[in-house]
Amino acid sequence: MKLPKTAQNYVYLFKKFGKGWPTITQTLSQFGLTPNQSKVYLALLELGEAKVQEIAKKARVLRTTTYEILEQLKNIGVIAMYNRQNARIYMAEPPRMLE
């Protein structure tokens, strides 16, 4: 049985970086991500793909700040964005992209 994409991302992160979000967040900071960028990226990994409001809620970051962070993450190349029915949908690139 193949794991869903979100579960595969978690398995990869746990194998690569250890167990527990503090360790993963610390590791993401080694790749140059700020704490809020890490929160948004991890929330998006968990959601799979989502609108800004959903990401902000999951990451517990203000929606207006989330817009800025998503743009930063898109410029770094760890997330992608596309339009669906006049709405921006964001999705995280696999964690392997950080290597």
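Up top is the structure.
Only a predicted model underlies this, so the values are computations on that prediction, with no experimental measurement involved.

Chemist: Summarise the pairing of strand β3 (residues 87-92); cite the residues concerned and give the values.
Modeler: Two strands pair when backbone bridges link them, and strand β1 (residues 49-50) and β3 are joined in this way by 2 bridges, in the antiparallel orientation. Looking at β3, one finds that Ala-50 is bridged to Tyr-90. The pairing of strand β2 (residues 79-84) with β3 spans 6 bridges and is classified as antiparallel. Each residue of the ladder has a partner; that of Met-81, found in β3, is Tyr-90. Where β2 hands over to β3, the hairpin turn is made up of 2 residues, of which Gln-85 adopts a positive phi near 50°.

Chemist: Hey, could you go over the side chain of Ser-38 for me, with residue numbers and the actual values?
Modeler: Following the sequence through the fold, Ser-38 ends up in helix α3 (residues 35-47). The class of Ser-38 is buried, set by a relative accessible area of 0%. With residues up to four places along the chain from it excluded, the contact list for Ser-38 reads Thr-25, Leu-28, Ser-29 and Leu-33.

Chemist: How would you summarise helix α4 (residues 52-59) if you had to cite specific residues and measurements?
Modeler: Taken residue by residue, α4 has Val-52, Ile-55, Ala-56 and Ala-59 as its buried positions. The arc enclosing the buried residues of α4, seen along the axis, measures out at 100°, which places them on a common side. α4 presents Gln-53 and Lys-57 as exposed residues on the side facing more than 90 degrees away from its buried surface. Buried-residue contacts for α4 involve α3, β1, α5 (63-76) and β3. Of the residues one or two after α4, Arg-60 is the one with positive phi, at around 60°.

Chemist: Can you break down α3 residue by residue, with the values?
Modeler: Taking 1.5 Å per residue, 13 residues should reach 18 Å; α3 reaches 18 Å between its end C-alpha atoms and fits that length. Within α3, burial applies to Gln-37, Ser-38, Val-40, Tyr-41, Leu-42, Ala-43, Leu-44 and Leu-45. Immediately beyond the C-terminal end of α3, within one or two residues, lies Gly-48, with a positive phi of roughly 90°.

Conventions and cut-offs
Residues numbered from 1 in each chain as written. Predicted model: local features only at pLDDT ≥ 70, side-chain atom pairs only at ≥ 80, totals over all residues. Heavy atoms only, no water. Pairing = 2+ DSSP bridges. Helix = DSSP H or I, 4+ residues; strand = E, 2+ residues; numbered from the N terminus. Buried < 20%, exposed > 50% of the residue type's maximum accessible area, 1.4 Å probe, protein only. Contact = heavy atoms within 4.5 Å. Arc of directions from axis to C-beta. Expected span 1.5 Å × (residues − 1).

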